[in-house]
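One-letter residues, chain by chain:
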Amino acid sequence: MGVQQAMEALRERASSIRESLQKSETITDNMVSILGSFDHRLSALETAMRPTQIRTHSIRRAHENIDKTLKAAEVILGKFDLTRKAEAKILRGPHEDLESYLEAINQLRSVVRFFSSNKSFKSSGGILNQTNTLLARAISKLEDEFRQLLTNYSKPVEPDRLFDCLPNSLRPSSEPGHQGDASSKSHAEHQKCLATAVYKTPTLIPPRVLPLLHELAQQMVQAGNQQQLFRTYRDTRAPVLEQSLRKLGVERLTKDDVQKMQWEALEAKIGNWIHYMRIAVKLLFTGEKKVCDQIFDGMDSLRDQCFADVTANSVSVLLSFGEAIAKSKRSPEKLFVLLDMYEIMRELQPEIGTLFGSNHCIETRESALSLTKRLAQTAQETFGDFEEAVEKDATKTAVLDGTVHPLTSYVINYVKFLFDYQSTLKQLFQEFNDADSEAQLASLTSRIMLALQNNLDGKSKQYKDPALTQLFLMNNIHYIVRSVRRSEAKDLLGDDWVQIQRRIVQQHANQYKRVSWAKGSSPSGGGGPVGGDVGGGGLSRAVVKDRFKTFNTQFEELHQRQSQWTVPDSELRESLRLAVAEVLLPAFRSFLRRYGPMIENGKNPQKYIRFTPEDLERMLGEFFESKTWNEQKR
């Protein structure tokens, strides 16, 4: 029974579920029917709306195109307006308001760029032609303005302004050919001062004008007018620089011009040239480089080209004079000016390397270096010429009194001057080889001294009196030794050289005494009073008289002759007199003491005994004083 009830309950539940499913299916069918109806209606509505949508989209696109066109027209009209305003500024020219003028050029360039990138516009071609024409006219006016501005402010620099930029030691004094206080200093001291000297670069163009010129130059380069700008700058600045140098005194001289000049005039011109080189490089070329750097800042190649061409002719004029001197006929007196010229080229080498360091200036650098080498070579060849000239000097200048020969003093002074140029000479020697420059200088000095001594030996043979020959050699070699000992040459030649020469001086002094006083120097016999028989037994009155007479004659002759001779060095003169007196006076006193009474007791003793020892001593004090015969008689 329980089972039947359970089954019944299940049947009822299943029946209930079936009814529910039937109802749900009915509802679903109804919903599908309703939705199908909606779909049909929406399709009809969409079909009805499509033309309206199409018209709305077209209208919207048309509005967008109109907006774009209006905006493009506004931009084009703006460009037209910009061109019109720029044209007005261009027509007025750059002189009144350069900044505004440059702004107008930039505006025109922006117009050109705009229409170049929008060539689809119908009017683009015409506008581009018109704007480019206007731009070309604007740039042409800029060129005129650049030229006018550069010309107005490019004036030659007066010499006084340049002198004010020099250090005090180089400013010219009222005396021609002298600079400042340089003449009161030795060459070496002067060179030391130059090493620390301060130069003030002159203002060639007012600083306020340089930015304007720079801006103008930039605009011309942007317009592609670089070559026209270069020519304008070169043709304006180069003549002004050349004029500044002419006002200073620079002139172009050829080798022939140099050869025709008297030495004094040429020496003055060389001194001036050294001064001009220093002013040109340290002041004018430096100032020109500064101007060039500022005007063409950021335009490196153009800047270097302009500086090279502006300075080219001025450099050529200056260096050509140096070349003419270096190639002219060599002579000993030119050596020191050659060294001065070599020195200035060495001094300026760093500045020349810096100023003319670009590829455009290669020729200038090489010309300067070539001149330096040529001057060094000519100076070195002149050394050889001098050495040869000293040895072969055949001047007939007679030194009648046996004093120092002019050749000796000339050569010694020459060598002293050489040692003022020690550092320069050492640099010069190194131009040609790497050997020890100090050893080369010592060798050169030794050779010159040897050449001089060889020549003096030859000149000494002109004297007929062998005593004067010895006196001449003694005087000259003593002068050489004394001069060397008081100069820097002593350190190079060495103490051994000095000692050897001193011994030679003494040998000539001894030879003088031997040949001059071997006879006739006292009445003591032996052919003359020096040495001989002072106490050799009794002499007859006649022999004694004869001895005194012979002595008187010979001594008077020696006194008369040798009082006209000269020993210029007081110390040497006194030592030589003393050496003679030490031989003569003791012998004379001895003879007089022994034989004087024999004569004094006879007739006319003063005829035979004419001198006392004091007379002889006094008269010896007159030897080597270069007295004339009339002075002796007085």
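Where an unreviewed UniProt entry is consulted, the protein chain appears under the name Exocyst subunit Exo70 family protein, with the organism given as Carya illinoinensis. Per UniProt, the protein chain carries the Sequence similarities (unreviewed entry) text "Belongs to the EXO70 family." As its UniProt record puts it under Function (unreviewed entry), the protein chain is described as follows: "Component of the exocyst complex."

Q: For this particular structure, what's the right way to read the overall build of the protein chain?
A: For the protein chain, the helix and strand inventory stands at 21 helices and zero strands. For the protein chain, the residues scored as buried account for 43% of the 634 residues in total. Taking contacts inside the protein chain between residues at least 6 apart in sequence as the whole, the part at least 24 apart equals 78%. When the accessible surface of the protein chain is totalled, it reaches about 34,300 Å², and 51% of it is carbon and sulfur.

Q: For this particular structure, what's the right way to read a positive patch on the surface?
A: A cluster of basic residues, Lys416, Arg485, Arg486 and Arg502, forms a positive patch at the surface. Examined against the element boundaries, Arg486 turns out to sit in the loop between α16 (466–485) and α17 (489–517).

Q: Help me understand empty space enclosed by the protein in this model?
A: Vacant regions in the atomic arrangement are exposed by a probe of water-molecule size rolled over the atoms. Considering all chains together, one arrives at three cavities of 30 Å³ or more under this definition. Empty space within the largest cavity amounts to approximately 70 Å³. For the largest cavity, the full set of lining residues is Met277, Val281, Phe285, Val315, Leu318, Leu319, Ile352, Phe356, Thr364 and Ala368. For the lining of the largest cavity, the secondary-structure elements that each account for two or more residues are α9 (263–295), α10 (300–327) and α12 (362–392). Split into classes, the residues belonging to the lining of the largest cavity amount to nine nonpolar, one polar and no charged. Put simply, the parts of the chain that give the lining of the second largest cavity at least two residues each are α13 (406–420) and α16.

Q: Even after reading the chapter, I still don't get the packing of aromatic side chains, so can you show me in this structure?
A: Two measures describe an aromatic ring pair: the distance that separates the ring centres and the angle between the ring planes. According to the stated counting rule, one finds 22 aromatic pairs in the structure shown. Through successive ring pairs, a cluster of aromatic residues spans Tyr512, Trp517, Phe551, Phe555, Phe588, Phe611, Phe623 and Phe624. Across the ring face of Phe307, the terminal group of Lys289 is positioned such that the distance to the ring centre comes to 5.8 Å.

Q: Whenever I open this one, the environment of Glu288 confuses me. Can you help?
A: Within the secondary structure layout, Glu288 lies in helix α9. On the basis of relative accessibility, which here comes to 1%, the residue Glu288 falls in the buried class. Measuring from C-alpha to C-alpha, the distance between Glu288 and Leu241 comes to 8.4 Å, with 47 residues separating the pair along the chain. In this view, Glu288 contacts Leu204, Tyr233, Arg237, Phe307, Val310 and Thr311; residues no more than four positions away in its chain are not counted.

Q: Would you mind showing me how to read the side chain of Ser358 here?
A: Structurally, Ser358 is set in the loop between α11 (335–355) and α12. For Ser358, a relative accessible area of 15% corresponds to the buried category.

Q: What should I look at first to understand the side chain of Lys334 in this one?
A: In this structure, Lys334 sits in the loop between α10 and α11. Nearest to the buried, unbridged Lys334 among oppositely charged side chains is Glu333, at 6.9 Å.

Analysis parameters
Residues numbered from 1 in each chain as written. Predicted model: local features only at pLDDT ≥ 70, side-chain atom pairs only at ≥ 80, totals over all residues. Heavy atoms only, no water. UniProt positions renumbered as here; feature names shortened; annotations may be inferred. Helix = DSSP H or I, 4+ residues; strand = E, 2+ residues; numbered from the N terminus. Buried < 20%, exposed > 50% of the residue type's maximum accessible area, 1.4 Å probe, protein only. Contact = heavy atoms within 4.5 Å. Areas by Shrake-Rupley, 256 points an atom, 1.4 Å probe, with all protein chains shown as cover. Patch = residues over 30% accessible without salt bridge, like charges linked within 9 Å, V, L, I, M, F, W, Y side chains within 5 Å. Salt bridge = Lys/Arg side-chain N within 4 Å of Asp/Glu carboxyl O. Lys, Arg positive; Asp, Glu negative; His and termini not counted. Charge placed at Lys NZ, Arg CZ, Asp CG, Glu CD. 1 Å grid on protein atoms, 1.4 Å probe; cavity = no way out; pocket = protein on both sides within 12 Å on 5 of 7 lines; lining within 4 Å. Points joined across faces, edges and corners; volume = space filled by probe spheres on them. Nonpolar A, V, L, I, M, F, W, Y, C, P; charged D, E, K, R; others polar. Phe/Tyr/Trp six-rings, centres within 6.5 Å; stacked < 30°, edge-to-face > 60°. Lys NZ or Arg CZ within 6 Å of the ring centre and 35° of its normal.

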